[in-house]
Amino acid sequence: ALSRRQRQLQGRPSITELKAQCRVPSVVEVWDPTARDPQLLVALKSSRHTVAVPAHWSARRAFLQGKRGLEKPVFTLPDFIAATGI
């Protein structure tokens, strides 16, 4: 009698199995076997004209929020515009 966790791990495909099944093995990542439908996920990732979702989209911290401490320099007009006296 296997526990529920052991049955889940047993039914999960390995990374090498997923890489063998898809056309583009480089798209298979470490966490792909834990998806609800790993074969569908890998098939979607390896299909043509698809763009990978950037990693920062799933981050809890907003993108570029860490740049908050950097202060912007005050804007100055370029010299050739300032020379006109407008």
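Up top is the structure.
Residues numbered from 1 in each chain as written. Predicted model: local features only at pLDDT ≥ 70, side-chain atom pairs only at ≥ 80, totals over all residues. Heavy atoms only, no water.

### A few points about the pattern of salt bridges
For step 1, the next point in the chain: Enumeration according to the criterion identifies two salt bridges in this entry.
For step 2, the next point in the chain: A salt bridge links Glu29 to Lys45, with the nearest nitrogen and oxygen atoms 3.0 Å apart. Pair noted here: Glu29 is in the loop between helix H2 (15-21) and helix H3 (38-46) and Lys45 is in helix H3, with a separation of 16 residues, a long-range link.
For step 3, the next point in the chain: Taking relative accessible area as the criterion, Glu29 reaches 34% and is therefore assigned partly exposed.
For step 4, the next point in the chain: Across the pair Lys45 and Asp32 runs a salt bridge, and its minimum N-O distance is 2.9 Å. Residue Lys45 is located in helix H3, and its partner Asp32 is located in the loop between H2 and H3; the two are separated by 13 residues in the primary sequence.
For step 5, the next point in the chain: Of the residues examined, Lys45 reaches a relative accessible area of 26% and is grouped as partly exposed.
For step 6, the next point in the chain: By relative accessible area, which is 1% here, Asp32 ends up buried.
For step 7, the next point in the chain: Each member of the salt-bridge network shares a partner with another, and the members are Glu29, Asp32 and Lys45. (Salt bridge = Lys/Arg side-chain N within 4 Å of Asp/Glu carboxyl O. Helix = DSSP H or I, 4+ residues; strand = E, 2+ residues; numbered from the N terminus. Buried < 20%, exposed > 50% of the residue type's maximum accessible area, 1.4 Å probe, protein only.)

### Let's talk about the layout of surface pockets
To find leftover empty space, one rolls a probe the size of a water molecule over the atoms.
For step 1, the next point in the chain: Taken as a whole, the largest pocket spans an internal volume of roughly 240 Å³.
For step 2, the next point in the chain: Residue lining of the largest pocket: Val27, Glu29, Trp31, Asp32, Leu41, Leu44, Lys45, Thr50, Val51, Ala52 and Val53, and that is the complete set.
For step 3, the next point in the chain: Looking at side-chain class alone, the lining of the largest pocket contains seven nonpolar, one polar and three charged residues. (1 Å grid on protein atoms, 1.4 Å probe; cavity = no way out; pocket = protein on both sides within 12 Å on 5 of 7 lines; lining within 4 Å. Points joined across faces, edges and corners; volume = space filled by probe spheres on them. Nonpolar A, V, L, I, M, F, W, Y, C, P; charged D, E, K, R; others polar.)

### Re the nonpolar core
For step 1, the next point in the chain: Listed in full, the five residues of the largest apolar core are Leu18, Cys22, Val27, Val28 and Val42.
For step 2, the next point in the chain: Not counting the four nearest positions on each side in its chain, Cys22 is found in contact with Val27, Val28, Val42 and Ser46. (Core = buried A, V, L, I, M, F, W, Y, C linked by side-chain atoms within 4.5 Å. Contact = heavy atoms within 4.5 Å.)

### Describing a nonpolar patch on the surface
For step 1, the next point in the chain: A surface patch of nonpolar side chains, about 470 Å² in accessible area, is lined by Phe75, Leu77, Phe80 and Ile81.
For step 2, the next point in the chain: With respect to the helices, strands and loops of the structure, Ile81 is situated in helix H4 (residues 79-82). (Patch = residues over 30% accessible without salt bridge, like charges linked within 9 Å, V, L, I, M, F, W, Y side chains within 5 Å. Areas by Shrake-Rupley, 256 points an atom, 1.4 Å probe, with all protein chains shown as cover.)

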